[in-house]
Each structure stands twice: as structure tokens, then as C-alpha cells.
Amino acid sequence: RASIYLMHRKLEGQIAKDAPSGLGFIDEINPRLLSNNMVVPYVIAVWEEYFRATFSACLRYSRQREAALKRAKLSHADLEKLVVGTTQVDRAVAEAFSFQRPTAISETFKLIDPKLDIAGALRKPYRGRRQSLFESLEALIEDRNRLVHTGEINVGLFDKHLQSVLSALTAAVNRAYNYIAKHSGV
């Protein structure tokens with residue numbers, strides 16, 4: 001969806017350039033950069049939900065869920081949802097963990113299978129890049145957090161770089177999915 005959005009938006013005016021101006025204060029008010037930066041929290045939210053749902057499904061069928069159940073700190077509201085039946089246990093447990101950073105994702109999945117190393121799968125080389133998918137995603141999370149918590153935008157996030165980020169994110173999800181499926185024997 002984000003790629004479709006990029007293709008169909010119209011940003012007009014002299015300041016909406018798809019290249020650095022050489023003046024930081026001009027780039028900071030470039031609507032193209034603001035638009036590109038606003039895509040990042042959206043795609044990270046999708047990333048988080050994907051891993052939360054995947055963890056929930058893995059937890060449901062895992063024989064080693066005790067560690068995850070022990071570490072999940074369910075609130076009164078979570079327990080109330082379980083009692084009235086508006087949520088399932090595996091989903092409530094998944095909601096208790098963070099699935100934003102690759103490090104946290106990997107650690108959480110290891111709770112249901114210590115041999116499941118998603119971080120290792122994401123650290124493998126990707127298309128000859130110097131940075132692994134793992135490192136790229138950690139940097140993307142930092143960009144997202146700076147935007148959300150301080151309002152600071154990445155003034156280097158032009159269209160080509162954003163497309164690269166979206167491709168890396170898609171590749172990371174696919175790599176993690178394939179790794180989990182292979183590890184699970186699916």
C-alpha cells in the first residue's frame with residue numbers, strides 16, 4: 001500500500017524536490033520528505049502487527065509456551081477480556097510483548113522455542129548491501145521513534161531511499177516467515 005501511495009501522490013511546488021537542496025532548513029520543510037517520513041510509522045505498525053499475529057499463532061501450537069506465559073504480564077483489563085471471551089489467551093499474551101525492534105522480536109519468539117533465531121535470519125547478507133536487514137530495520141525504528149517522540153524527520157528519506165526501505169521491510173518479513181515455516185516444518 002505504501003508503494004501505491006508513493007506512486008499516486010502529487011507534490012507540487014519548487015520546494016517539493018526529490019533530492020537534497022543543500023540547505024538543511026529547506027529540506028526540513030520539503031513536503032515530500034514530510035510525506036515520506038509519515039509513511040514510516042504506518043509501515044512499522046504493520047510490521048508490529050504481523051509479528052504479533054505470527055507470535056500468537058506460533059504460541060497457540062507450541063509445546064513450549066510456559067516461558068512466554070510466565071513472562072507475559074497481563075493486566076486486569078487483559079484478564080477481564082479473557083474472562084468475558086472477547087480475546088483469546090494466545091492473543092492476550094502476544095499483546096503483552098513488544099514486536100517493534102528485531103532484537104525484541106527475536107527474544108520474544110525464543111520464549112516459545114529457544115532454537116528459533118529470527119535475528120540470525122535477518123542478519124544474513126541481503127543483496128550485497130553493507131548493512132544487514134537487521135541493522136537496516138533497527139535504524140528504521142530509530143527514525144520512527146525520532147519522528148514520533150520528537151517530531152524530527154529524516155531529511156535523507158527521499159523517494160528512492162523510501163522505496164529501498166519498503167523493499168527491505170518486505171524482504172525481512174518474507175525472510176522471517178520462511179525461516180519460521182522452515183523451522184516449524186511447515
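Everything quoted here is computed from the prediction, not taken from an experiment.

**Student:** Is there a simple way to explain the overall build of the chain in this structure?
**Tutor:** Looking only at helices and strands, the chain features 10 helices and zero strands. Going through the 186 residues of the chain one by one, you find that 41% of them count as buried. Contacts spanning at least 24 positions in sequence make up 72% of the contacts within the chain whose residues lie at least 6 apart.

**Student:** Explain the side chain of T108 to me, please; I cannot follow it from the model alone.
**Tutor:** On the secondary structure map, T108 appears in helix 7 (residues 102–110). Residues contacting T108, with those up to four places away along its chain left out, are F55, F97, S98 and F99.

**Student:** Could you clarify how one ought to interpret the packing of helix 3 (residues 31–61) against helix 10 (residues 159–184) in this entry?
**Tutor:** Geometry of a packed helix pair, given as the angle between the helix axes and the separation of the axes. Close contact between helix 3 and helix 10 brings their axes to 10 Å; oriented N to C, the two are set at 5 degrees. Classified by the interaxial angle, the pair formed by helix 3 and helix 10 is roughly parallel. Contact with helix 3, carried on its side by R32, N36, V39, V43, W47, Y50, F51, T54 and C58, involves D159, L162, L166, L169, A172, V173, A176, Y177 and I180 of helix 10 and no other residues of that element. Residue classes in the contact of helix 3 with helix 10 are distributed as 14 nonpolar, two polar and two charged.

**Student:** Where do I start with unusual backbone geometry in this structure?
**Tutor:** For residues that are not glycine, phi is negative in most cases, and the peptide bond is trans in most cases. Phi is positive for R127, close to 50 degrees, though the residue is something other than glycine. Looking at the secondary structure, you find R127 in the loop between helix 8 (118–123) and helix 9 (133–150).

**Student:** Looking at this structure, how should I read the nonpolar core?
**Tutor:** When a protein is soluble and globular, its nonpolar side chains tend to lie buried together. In this structure, W47, F55 and F109 are the most contacted members of the largest nonpolar core, which totals 40 residues. At the level of elements, helix 3, helix 6 (89–95), helix 7, helix 8, helix 9 and helix 10 are the ones that each hand at least two residues to this core. Looking at this core, the element that brings in the most residues is helix 10, giving 10 residues. Excluding anything up to four places from it in sequence, F55 contacts A68, V93, A94, F97, F99, T108, F109 and I112.

**Student:** So what exactly am I meant to see when it comes to the pattern of salt bridges here?
**Tutor:** Should their charged atoms come close, side chains of opposite charge can pair. For the coordinates displayed, the defined rule picks out 11 salt bridges. Between E66 and K70 there is a salt bridge, with the nearest N and O atoms lying 3.0 Å from each other. With E66 and K70 both in helix 4 (residues 66–71), this residue pair falls four residues apart, about one helical turn. The residues E66 and K70 share a single accessibility class, namely exposed.

**Student:** Quick question: what am I supposed to make of the packing of aromatic side chains here?
**Tutor:** Ring pairs (aromatic) are described by centroid distance and by the angle formed between their planes. For the structure shown, the criterion picks out seven aromatic pairs. Both rings, one in Y50 and one in F51, keep their centres 4.9 Å apart while their planes meet at 80 degrees; by these two values the pair is edge-to-face. A residue is classified by how much of its surface remains accessible, and F51, at 0% relative accessible area, is buried. Between the aromatic rings of F55 and F97, the centroid separation amounts to 5.8 Å while the plane-to-plane angle is 70 degrees, which identifies the pairing as edge-to-face. With F55 in helix 3 and F97 in the loop between helix 6 and helix 7, this residue pair connects regions lying 42 residues apart in the sequence. F97 shares its class with F55; the two are buried. Three or more aromatic residues joined by ring pairs form one cluster here, namely W47, Y50, F51, F55, F97, F99 and F109. A cation over a ring is seen here: R123 above F134, with NZ or CZ 3.9 Å from the ring centre.

Analysis parameters
Residues numbered from 1 in each chain as written. Predicted model: local features only at pLDDT ≥ 70, side-chain atom pairs only at ≥ 80, totals over all residues. Heavy atoms only, no water. Helix = DSSP H or I, 4+ residues; strand = E, 2+ residues; numbered from the N terminus. Buried < 20%, exposed > 50% of the residue type's maximum accessible area, 1.4 Å probe, protein only. Contact = heavy atoms within 4.5 Å. Axes fitted to C-alpha atoms, helices over the stretch in contact; angles between N-to-C directions. Parallel < 35°, antiparallel > 145°, perpendicular 65-115°, else oblique. Nonpolar A, V, L, I, M, F, W, Y, C, P; charged D, E, K, R; others polar. Core = buried A, V, L, I, M, F, W, Y, C linked by side-chain atoms within 4.5 Å. Salt bridge = Lys/Arg side-chain N within 4 Å of Asp/Glu carboxyl O. Phe/Tyr/Trp six-rings, centres within 6.5 Å; stacked < 30°, edge-to-face > 60°. Lys NZ or Arg CZ within 6 Å of the ring centre and 35° of its normal.

Note that all results are geometric; they support no functional claim without further evidence.
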